[in-house]
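Geometric and topological summary
The residues making up each chain are set out below.
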Amino acid sequence: MKKQNAIVSHVLPGSIAEESGIEAGDIVVSVNGVKIEDVFDYRFLITNENIVLEVLKKHGEIWEIEIEKDEYEDLGIEFNNSLMDELKHCRNKCIFCFIDQLPKGMRDTLYFKDDDFRMSFLMGNYVTLTNIGEHEINKIIKYKLSPINISVHTTNPELRIYMLNNRFAGNILEKIRKLIEGGITINCQIVLCRDINDGKELDRTIQDLTQLCPGINSISVVPVGITKYRQNLFELKPFDRDSSEKVIEQISKWQKKLLNKYSSRAVYLADEFYIMAGKDIPGYDEYEDFPQIENGVGLIALMDFEVKQYFENILQNNNDKMISRHVSIATGVSAYEYIKKWADLIAGAIKGLKVDVYKIINRFFGENVTVAGLITGQDLFDQLKDKVLGEELLITKSMLKSGEEVFLDDYTLDMLRSKLNTKIISVDNKGEDFVNKILGTEVSYNSE
């Protein structure tokens, strides 16, 4: 028997649910005879003006409650589980899986492999669609859960089966076509592995996907992440300068072709490729409306634009001003040169401001991992403990667990503050927040 997850946690005072006698601990079983599988079923079904709720009371009775209300009026019920269902886990054993490369002893949640299409819609997660069938595809279309972010990797059926280690992985194009025909917009991701799905296979994948534009809204190509904990796993080669240059040249050709055909570049490279190749990041306009920004693609170009635009605004309103302030910034290898450039720009224009930028090498996961979001508290402490950090240390919020001040290695921000004896501030990946945190939110400018 399927576990009941639509358990009422709270009933809003004065709501329809309270007037109907629904209480915390009750279970909503069905609406108008349709069983509740998840939050999307519930939200869709309660939009009607006349509904019948089947409710399992906490003392065991079954109530059938008839309700008349305005269309789309909420019932005032909150649930224990916001999704009302267990997360769908990943059924693949991908040859490049990052979670398989984590060391033992980290918190349990880091080892859970989410592959839930509902979280793709709600949170922007990328999913493979290997664990869903006709019923789920039809639900996505019925409830218009658009856009959906899909980890494609390759459209070659045999290669996808091989890369995902799942015999059900080969029909990805068939599923994508059905979603697009049902009015769903799709963003795609390709995790690129050297000598596996690059070169001609990458051309094939882009060709297959872009034939489905504009239903395919965008495609990101990101390099495979490789940690030092790959013992007894599939052997992967990291991208280097030469191989990154080849990928850039390949994607550049596709962008020119697609821009001419669809008035959109459609496919975008992760920032890391340009950094590894020693090439300039494309300009702000080349990312169009930044469709893959939540995947970190184009983040440096966007930050560069926002920092310069916002800081120029500040200078126009605060000519010949100065402050007395010393702050430091810790970031990863990939972003270091850009963070330093922006910090120098700001410090060079504001008298009395000193900004030190420190490059943190990822010793926890290995030096192949260069992004700031995977830096741990231990690495920050080890590499900053003997540095002069000034009044505050700034770090990107992406180093921390969403909604919590905890690093990947379970160091808390308070622990790091205490060990470094320094005030530490997390910064959003927004130009305005970056500038404000460097200048200090309480800073008032004083004339010389």
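It should be noted that the structure appears before, not after, this text.
Starting afresh in each chain, residues are numbered from 1 along the sequence in its written order. Two thresholds apply to this predicted model, a pLDDT of at least 70 for residue-level local features and 80 or more for giving and counting side-chain atom pairs, whereas whole-chain, interface and lining totals are computed over all residues. Side-chain numbers here rest on the full set of heavy atoms in the structure, without hydrogens or water.

**Focus: the pattern of salt bridges**
Where side chains of opposite charge bring their charged atoms close, a pairing between them can arise. Put simply, the rule is: A pair is scored as a salt bridge if a Lys or Arg side-chain nitrogen falls within 4 Å of a carboxyl oxygen belonging to Asp or Glu. Numbered from the N terminus, helices here are DSSP runs of H or I no shorter than four residues, and strands are runs of E no shorter than two. Remark: exposure states derive from per-residue accessible area (1.4 Å probe, protein chains only) relative to the maximum for the residue type, with buried under 20%, exposed over 50%, and partly exposed in between.
Under the definition given, this model contains 28 salt bridges. Its salt-bridge partner being Lys-237, residue Asp-195 comes within 2.5 Å of it at the nearest N-O pair. One end of the pair, Asp-195, is in the loop between β9 (186-192) and α7 (200-210); the other, Lys-237, is in the loop between β10 (216-223) and α8 (241-262), with 42 residues separating them in the sequence. Classification of Asp-195 as exposed rests on a relative accessible area of 54%. Here Lys-423 and Glu-392 are joined by a salt bridge, their closest N and O atoms 3.4 Å apart. Here the residue Lys-423 occupies a position in strand β15 (residues 423-427), and Glu-392 occupies one in strand β14 (residues 392-396), the gap between them amounting to 31 residues.

**Focus on helix α5 (residues 157-164)**
Our working definition: Working note: the arc is built from the helix axis to C-beta atom directions. Note on contacts: a residue pair is in contact if any heavy atoms of the two residues lie within 4.5 Å. Counted as a polar contact is a pair of N or O atoms within 3.5 Å, where, for protein atoms, one must be capable of donating a hydrogen and the other of accepting one, and residues adjacent in sequence contribute only when both atoms are in side chains.
Turning to α5, its buried residues are Leu-159, Arg-160, Met-163 and Leu-164. For α5, the buried positions fall inside an angular range of 115 degrees around the axis, keeping them on one side. Where the residues of α5 are buried, they touch β8 (148-151), α6 (172-181), β9 and α7. With a side-chain oxygen positioned 3.1 Å from the backbone nitrogen of Glu-158, the residue opening α5 is Asn-156. In the segment just after α5, Asn-165 is the residue with positive phi, at about 50 degrees.

**A word on the side chain of Asn-166**
With respect to the helices and strands, Asn-166 occurs in the loop between α5 and α6. Judged by relative accessible area, which is 6%, Asn-166 ranks as buried. Filtering out sequence-adjacent residues up to four positions away, Asn-166 remains in contact with Arg-91, Asn-92, Thr-130 and Ile-161.

**What about unusual backbone geometry?**
Between Ser-146 and Pro-147 the backbone carries a cis peptide bond, its omega angle lying at 5 degrees. As for its position among the elements, Pro-147 is in the loop between α4 (134-142) and β8. Following Cys-213, the chain continues to Pro-214 via a peptide bond in cis, the omega torsion being 5 degrees. Here Pro-214 is to be found in the loop between α7 and β10. One non-glycine residue, Lys-144, lies in the positive phi region at around 55 degrees. Within the secondary structure layout, Lys-144 lies in the loop between α4 and β8.

Purely spatial values, then, with no claim about function.
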